[in-house]
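Residue-level structure breakdown
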Amino acid sequence: MTRASDFPPPFSPSEFVGEPTDPADERIEVGVLIVGAGPAGLACALRLGQLLEEHPDVAERLGDVPVALLEKGKQPGSHLLSGAVVNPRALRKLGYRVDDLPSYGPVHDEAVYVLTRRNAMRIPPPPTMRNHGNWIFSLSRLGRRLAEDAEGRGITILPETVAEKLLVTHGRVAGVRTGDKGRGRDGEPLGNHEPGADIVAKVTVLAEGTQGHLTGVALEHFGLHGDEPQVWELGVKEVWKVPRPLGRIVHTMGWPLRTAAKYREFGGSFIYPMGDDMLTIGMVVGLDYRDVELSAHDLLQELKTHPKIRRMLEGGERVAWGAKTIPSGGYNSLPTRLHAPGLLLCGDGVGLVNIARLKGVHYALESGRLSAEAAFASLRRGATPATALSAYDDAIRSGFIGRDLYEVRDMRQVFGRGFFVGGALASAMTVSKGRLAPGKMRAEPDAEQPLLRTDRASRYPGPDGMITFDKLSSVFLSGNKTRDDQPNHIRLERRVARDVADLWISMCPAQVYELGTEGGDGTVTVQLAPSNCVQCGAITAKGGRLTPPEGGSGPEYTVT
């Protein structure tokens, strides 16, 4: 049977690892370098700001720029997208009163439904999906607020800056090289060309988020991959302005996904209120599915035609759209170590997500806070850096992150046996807090699933411009800022089996991939429209490789 992994991309991690190349006097020197202004990176920056205020002697030794934070988007928050119903414990550990942050308030009520095509059966929320005490946020809004607070603590934030290469000297991470700006489609320098620069640091923290480019490079270079391969899900969400308030958060399972084990269709939907006049609705689908015609974007459109869901949206207006992958391998897919010499890894990039509870934001925040404390400890006079950095691993695994993830360590894998068997096993693990686990279950990379073809696409609804929409109009709502004449940032084999090409075309929520010419051997070429890309990362899970585009490219999320 055909697999996407039969056609590996022309990519080698080694091309993104190297020594500094700028002359020593032209390198940008910082104390701690953080890559990624998502929850993990911002929490790291905020905690470092607190520690350096308490210890000005350390701040003075770190030079003019004690802490620098790189963000590849236009500004912090531009690339942030999540549900997001957030457990507030990590925010409180950073010193916040949750009431003072931009949110849509605490969860007051919730409902879980099992859907068929026409009906919805309400069930008691499983223990893992109970959200009493959690708060509803727009992650992009929260990111902008945390970034403002970080700057207020003296953190230097560099937006529109891509970390392209990991700088390694004598086996130790020494910083990153940033990507060039102002190159044409074939890589030629344009009139506004700006070359990248070497940024060197005493400690580098990679907090890139899901499918992080340099995180993947570092895992390979230092041999840090976990016992099981990481697997992924793809979430596509919309924000709607609606005439009637939604009084509770809603989750659904079942339709429009198929329950038979042969399809390996795992996932569900979420619908969360955003004040009295908005809501967010999203569909999450495991990327270990097998049907080449499955499309998370189109499944979301189909979901909205359900009578119960349509009633929530009718008379409203879609105002935002976005897509993002979610790591879901769990505890057994975590890297063997979360540090290397001069390096710390945190957040979604290393898989700190509890897929059973649909939660990852507070783990990212907490890992960022703990990474800051480890980085700071390594910089104190008399410190042994290796010991200080290794303490970060211990703090992650012995704290609530490690305990929570261990309890649900096989939760994702059991659903490979189908919706009903998987649900029964997941319930047993949940009730027993992981003590009744079925034994360590093997995971397969998403790209290694054998492909099959059905007529699934024939049942997707056409766009009506009121409830259902096409992919290109959705990309427009993401605020995508990518230049049409940028160099291509997507690596993939361009001549592949027809099933693989159709898989990529259906999978991509942004219509990046198109069929090209057919060969006489059953293969086809794949054409790309990389300027459509919203950097969701799905192609990396399913047989290609996303690399960083020019800084400032991609979506401009504001309320996702």
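Data block above holds the structure.
The paragraphs below set out a description of the structure included in this document. Each chain has its residues counted from 1, running along the sequence as written. For this predicted model, a pLDDT threshold of at least 70 governs which residues receive local features, and a threshold of 80 or more governs which side-chain atom pairs are given and counted, while totals over whole chains, interfaces and linings are taken from all residues. Here the side-chain values reflect all heavy atoms present in the structure, with hydrogen atoms and water set aside.

Another aspect to go through is the sheet that holds strand E5 (residues 110-115). The strands that make up a sheet are held in pairs by hydrogen bonds between backbone atoms, and each pair lies either parallel or antiparallel. Spatial ordering of the open sheet is given by E6-E5-E15-E16-E17-E14-E18, a layout of seven strands whose pairing is mixed. A strand with exactly one partner marks an edge of an open sheet, and here the two such strands are strand E6 (120-123) and strand E18 (317-327). Put simply, the sheet's adjacent strands are angled 20° from each other on average, direction ignored. Each pair of strands is called paired provided DSSP finds at least two bridges between the two strands. In DSSP terms, a helix is any run of H or I states spanning at least four residues, a strand is any run of E spanning at least two, and both are numbered starting from the N terminus. The sheet contact formed by E5 and strand E15 (residues 249-254) spans six bridges and is parallel. Within the sheet, the bridge partner assigned to Tyr113 lies in E15 and is Thr252. Contact definition: two residues touch when any of their heavy atoms are within 4.5 Å. Axis definition: a line fitted to C-alpha atoms, limited for helices to the stretch in contact. Angles are taken between N-to-C directions and run from 0 to 180 degrees. Lying over the sheet, helix H6 (residues 296-303) contacts E5, strand E14 (232-241), E15, strand E16 (267-273), strand E17 (278-286) and E18, oriented at roughly 130° with respect to E17.

On to the packing of helix H8 (residues 361-379) against helix H10 (residues 400-407). For the pair H8 and H10, interaxial distance at closest approach is 10 Å and the crossing angle is 145°. Each of His362, Tyr363, Glu366 and Ser367 in H8 lies in contact with H10, whose residues at this interface are Phe400, Ile401, Asp404 and Leu405. A breakdown of the residues in the contact of H8 with H10 according to their chemical character gives four nonpolar, two polar and two charged. For this scheme, ten residues count as nonpolar: Ala, Val, Leu, Ile, Met, Phe, Trp, Tyr, Cys and Pro. Four count as charged, namely Asp, Glu, Lys and Arg, and the remainder, Gly too, count as polar.

Our next topic: H10. The classification of residues rests on relative accessible area computed with a 1.4 Å probe and restricted to protein chains. Under 20% of the type maximum is buried, over 50% is exposed, and intermediate values are partly exposed. Those residues of H10 lying buried are Phe400, Ile401, Gly402 and Leu405. Where H10 is buried, its residues contact helix H3 (89-93), H8 and helix H9 (385-398).

In this section: the packing of helix H1 (residues 39-54) against helix H4 (residues 139-152). Orientation of H1 relative to H4, taken along the N-to-C sense of each, is 20°, at an axis distance of 9 Å. Between H1 and H4, the angle falls in the class roughly parallel. Relative to H4, the crossing made by H1 is left-handed. Here Pro39, Leu42, Ala45 and Leu46 of H1 come into contact with H4, specifically with Leu139, Gly143, Leu146, Ala147, Asp149 and Ala150. For the contact of H1 with H4, the class distribution of residues is eight nonpolar, one polar and one charged. In what follows, roughly perpendicular refers to angles from 65 to 115 degrees, roughly parallel to angles under 35, roughly antiparallel to angles over 145, and oblique to any angle outside these ranges. Take the far helix as the reference: if the near one is turned anticlockwise from it by less than a right angle, the crossing is left-handed, and if turned clockwise, right-handed.

Here we take up the pairing of strand E12 (residues 189-194). Where strand E11 (residues 181-183) meets E12, two bridges bridge the pair, whose relative direction is antiparallel. Following the sheet pairing, Lys181 is matched in E12 by Glu194. Taken together, E11 and the strand that follows it, E12, pair antiparallel across an intervening segment of five residues, in which Gly187 is found at a positive phi of about 85°.

Ordered by their spatial adjacency, three strands build an open sheet running E22-E24-E23, and the pairing between neighbours is antiparallel. Among the strands making up the open sheet, the edge pair consists of strand E22 (495-497) and strand E23 (513-518). Strand after strand, the sheet turns through a mean of 50° between neighbouring axes, direction not considered.

To continue, consider H8. Taking 1.5 Å of rise per residue, the 19 residues of H8 would be expected to cover 27 Å, and the 27 Å separating its terminal C-alpha atoms lies within 8% of that figure. The element H8 is extensively covered by neighbouring structure, given that 17 of its 19 residues are classed as buried. One less than the residue count of a helix, multiplied by 1.5 Å, gives the span that helix is expected to have.

Quick look at unusual backbone geometry now. Phi is mostly negative for residues that are not glycine, and the peptide bonds are mostly trans. The residue after Gly83, namely Ala84, is reached through a cis peptide bond having omega -10°. Here Ala84 lies in the loop between strand E3 (67-70) and strand E4 (85-86). Residue Pro256 is bonded to the preceding Trp255 through a cis peptide linkage, with omega at 10°. Tracing the sequence through the fold places Pro256 in the loop between E15 and E16. Residue Arg264 is not a glycine yet carries a positive backbone phi of 50°.

Among the secondary structure elements, Thr482 is positioned in the loop between helix H12 (471-477) and strand E21 (490-491). N or O atoms within 3.5 Å of each other form a polar contact, as long as, within protein, one can give a hydrogen and the other can take it, and as long as residues adjacent in sequence are counted only when both atoms are side-chain atoms. Polar contacts involving the side chain of Thr482 include one to the side chain of Asn480, which spans 2.9 Å. Among the polar contacts listed, one links the side chain of Thr482 to the backbone nitrogen of Gly554, at a separation of 3.0 Å. Residues within four places of Thr482 in sequence aside, it is in contact with Pro530, Ser531, Cys533, Ser553 and Gly554.

What follows deals with the nonpolar core. We define the nonpolar core as a collection of buried residues of types Ala, Val, Leu, Ile, Met, Phe, Trp, Tyr and Cys that are connected through side-chain atoms lying within 4.5 Å of one another. Among the nonpolar cores identified, the biggest contains 85 residues, and Leu33, Ile34, Leu166 and Phe222 are the most heavily contacted of them. Of all the elements, H8 adds the most residues to this core, at 10 residues. The contacts of Leu166, once residues within four sequence positions are left out, are Phe16, Val17, Gly18, Val173, Gly175, Val176, Leu206, Leu214, Ala218 and Phe222. One finds Ala4, Trp232, Ala501 and Cys533 within the second-largest nonpolar core, a separate group that totals 62 residues.

Side chains on a regular strand alternate between the two faces of the sheet. Buried residues dominate E5, accounting for five of its six residues. As judged from the four bridges shared by E5 and E6, these two strands associate in the antiparallel manner. When the sheet's bridge partners are listed, Tyr113 is paired in E6 with Arg122.

In short, shape yes, function no, at least from these values alone.
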